[in-house]
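Fold and geometry: a report
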Amino acid sequence: MNTILVGAQWGDEGKGKIIDVLTEASDIVVRSQGGNNAGHTVEVGKEKFVLHLIPSGILRPKKKCVIANGVVIDPVALVKEIEGLEKRGIKLAGRLLISETAHLVLPYHRKVDEARENRKGRNKIGTTKRGIGPAYGDKAARTGLRLIDLAQPKVFSAKLKARIEENNAILESLGGEPCSFREVEKAYLEAARKLRPFITNTVVWLHRQLEAGKSLLFEGAQGTFLDIDFGTYPFVTSSNTTAGGSCTGSGVAPHRIERVVGVMKAYTTRVGEGPLPTESADISDMLHAMGREFGATTGRARRCGWFDAVATRYARMVNGIDELAITNLDGLDTLKQIQVCVAYECRGKRLLYPPNDAEELLHCRPIYRKFPGWQKSTTKVRSFKKLPVAAQKYVTALAELTGAKLRIVSVGARREQTFRV
Ligand code: GDP
Ligand code: IMO
Ligand code: MG
């Protein structure tokens, strides 16, 4: 079975953890969009891994992983990630394949990202400053450089020189620091040498695997409301984080996909700016006091709020979510009462789906349904029927409000703190 896994909220839903669990029954894990703005945490035994560009499936020794064409790759960061995993005993040779048509994130992308954010001041997006927006911008403008260019040093150098000239002029106008052509050329050609054994035509490779009966698992990055089309624009990332992005980002056709799994937390979080209708200082303070909800990539404190079923209902629709994985249920263990947003009230109207205008979203007031808490630890629970009854009712209601089947519940960061429903 070929499966797409997506985040149904604002990112950091626990996709890495659920991918690790689902990888057991798959052959190949594919990243198809985003870049090292992603931070996917997997805890196995006493070890904790945070993956940025490499699919989380890499932690299962027999599985293969693909970074496909839709991902934007900072090759220097990728080499660091590969070496970091190898140092920890994870073997990557023959197991990791990287698309030659994936676009490069270059140092000027990072600098432009940062300079634009600084100029926006209070209106900033709160990006990860990894250069993701400018890199996808160059791709759409047809001025991007790809991994395939890196394979031909002379061609790469000529293209890079022209791009650096243009971007240094942009950086000057934005008040940013220029890039040195020689430094970038040296660092990127060195990274290219290290990446060479992994780079291939991943479209053809993936189709050969499909013909051989292998199953694919697509690891979404970010989440539905960070999608460039369906998110809270402009407070979004620059790729399609929703299910369709997995197909365009890999060259695997939609009819090959048999299942879409949506991952959502039992509450809501968001890192960076932009509307978050159910945001609650009480929940944020409680989770931060427990040492939870700090970003895996930037370390920033995540904003937290009650579960928003208006959002997840929309996520179910645009992704075609069949099955749900609910994570971080244990985060609510101590609460006496839990609220769930079932609709928005906006200028006198009751809305079941979020409005498209981020400004309008700021005027939406959540309409809450109250649920009794269970006030018991769930972290040792390993089956649905062992959950406190109030917790069973709560997760069942989240699935019903979202409109998809509940399949997985997660009650802790570790692999074994997961059960199927
Ligand atoms: P991703 O970007 O969607 O992969 O999610 P992140 O790794 O950025 O953030 C999810 C965080 O929640 C990580 O710290 C995970 O280790 C942690 N996590 C995932 N599932 C659970 C869970 O059920 N309970 C607890 N306590 N932590 C979880
Ligand atoms: P994972 O895969 C949460 C957010 C940033 C910012 C916006 C744009 O770990 O869920 P960008 O650097 O992409 O231009 O930033 O998107 N963002 C994420 N938030 N999880 C992520 O990835 C994110 N990747 C980007 O905080 O608001
Ligand atoms: Mg994350």
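Calculation rules
Residues numbered from 1 in each chain as written. Chains lettered and ligands numbered in written order. Predicted model: local features only at pLDDT ≥ 70, side-chain atom pairs only at ≥ 80, totals over all residues. Heavy atoms only, no water. Helix = DSSP H or I, 4+ residues; strand = E, 2+ residues; numbered from the N terminus. Rg over C-alpha atoms; globule rule 2.2 N^0.38 Å. Buried < 20%, exposed > 50% of the residue type's maximum accessible area, 1.4 Å probe, protein only. Areas by Shrake-Rupley, 256 points an atom, 1.4 Å probe, with all protein chains shown as cover. Lys, Arg positive; Asp, Glu negative; His and termini not counted. Charge placed at Lys NZ, Arg CZ, Asp CG, Glu CD. Polar contact = N/O pair within 3.5 Å; in protein donor to acceptor, adjacent residues only side chain to side chain. Contact = heavy atoms within 4.5 Å. Donors = N, O, S within 2.8 Å, 3.2 Å for Na, K, Ca; no water. Domains from an automatic or database assignment. Buried area = accessible area lost by both parts, 1.4 Å probe. Salt bridge = Lys/Arg side-chain N within 4 Å of Asp/Glu carboxyl O. Near = heavy atom within 4 Å. Nonpolar A, V, L, I, M, F, W, Y, C, P; charged D, E, K, R; others polar.

Here we come to the overall build of the protein chain. A count of helices and strands for the protein chain gives 13 helices and 20 strands. Computed over C-alpha atoms, the radius of gyration of the protein chain comes to 21 Å, within 12% of the 22 Å expected from 2.2 N^0.38 for 421 residues, which places it in the range of a compact globule. By residue count, 58% of the 421 residues in the protein chain fall in the buried class. Accessible surface computed for the protein chain: about 18000 Å², of which carbon and sulfur atoms make up 51%. Here the protein chain contributes 65 positive and 45 negative side-chain charges, whose respective centroids are spaced 4 Å apart.

This brings us to the side chain of Thr-278. Along the polypeptide, Thr-278 turns up in the loop between strand 12 (268–270) and helix 10 (281–289). What makes Thr-278 buried here is its relative accessible area of 1%. From its side chain, Thr-278 meets the backbone oxygen of Trp-306 in a polar contact 2.7 Å long. With sequence-adjacent residues up to four places away left out, Thr-278 is seen in contact with Thr-268, Gly-305, Trp-306, Phe-307, Asp-308, Cys-341, Pro-366 and Tyr-368.

Bringing the coordination of the magnesium ion (ligand 3) into the picture now. Taken together, Asp-12 (OD) and Gly-39 (O) make up the full set of protein donors to the magnesium ion (ligand 3), lying 2.1 to 2.2 Å away. In this pair, Asp-12 sits in the loop between strand 1 (3–7) and helix 1 (15–23) while Gly-39 sits in the loop between strand 2 (28–31) and strand 3 (40–44), placing the two residues 27 residues apart along the sequence. We note that Asp-12, like Gly-39, is buried.

The next subject is the domain arrangement of the protein chain. As assigned here, the protein chain comprises domain 1 (3–100 + 200–261), domain 2 (103–195) and domain 3 (263–420). In this structure, domain 1 and domain 3 have C-alpha centres spaced 23 Å apart. Counting residues at the interface gives 41 residues for domain 1, matched by 43 residues for domain 3. The contact between domain 1 and domain 3 buries some 3300 Å² in all, and 58% of this surface belongs to carbon and sulfur atoms. The interface formed by domain 1 and domain 3 holds 3 salt bridges in total. For Arg-302, the salt bridge goes to Asp-12, with nearest N and O atoms at 2.9 Å. One can count 24 residue pairs in polar contact (both at pLDDT 80 or more) joining domain 1 with domain 3. Those elements giving two or more residues to the side of domain 1 that touches domain 3 turn out to be strand 1, helix 1, strand 3 and strand 11 (259–265).

Around ligand 1 lies a shell of 19 residues, among which Lys-15, Thr-41, Asn-328, Asp-330 and Ser-410 are the nearest. Residue Gly-14 places a main-chain N or O atom 2.8 Å away from an oxygen atom belonging to ligand 1. Within the side chain of Asp-330, an N or O atom sits 2.8 Å from a nitrogen atom of ligand 1. Protein coverage of the free-state accessible area of ligand 1, which is 580 Å², stands at 90%. Listing elements by their share of the shell around ligand 1, those giving two or more residues are helix 1 and strand 3. Residue classes in the shell around ligand 1 are distributed as 3 nonpolar, 9 polar and 7 charged. Counting residues domain by domain, the shell around ligand 1 receives three or more from each of domain 1 (3–100 + 200–261) and domain 3 (263–420).

Moving on: helix 1. Among the 9 residues that make up helix 1, 9 are buried, leaving the element largely enclosed by the rest of the structure. When we look at burial in helix 1, the residues that qualify are Lys-15, Gly-16, Lys-17, Ile-18, Ile-19, Asp-20, Val-21, Leu-22 and Thr-23.

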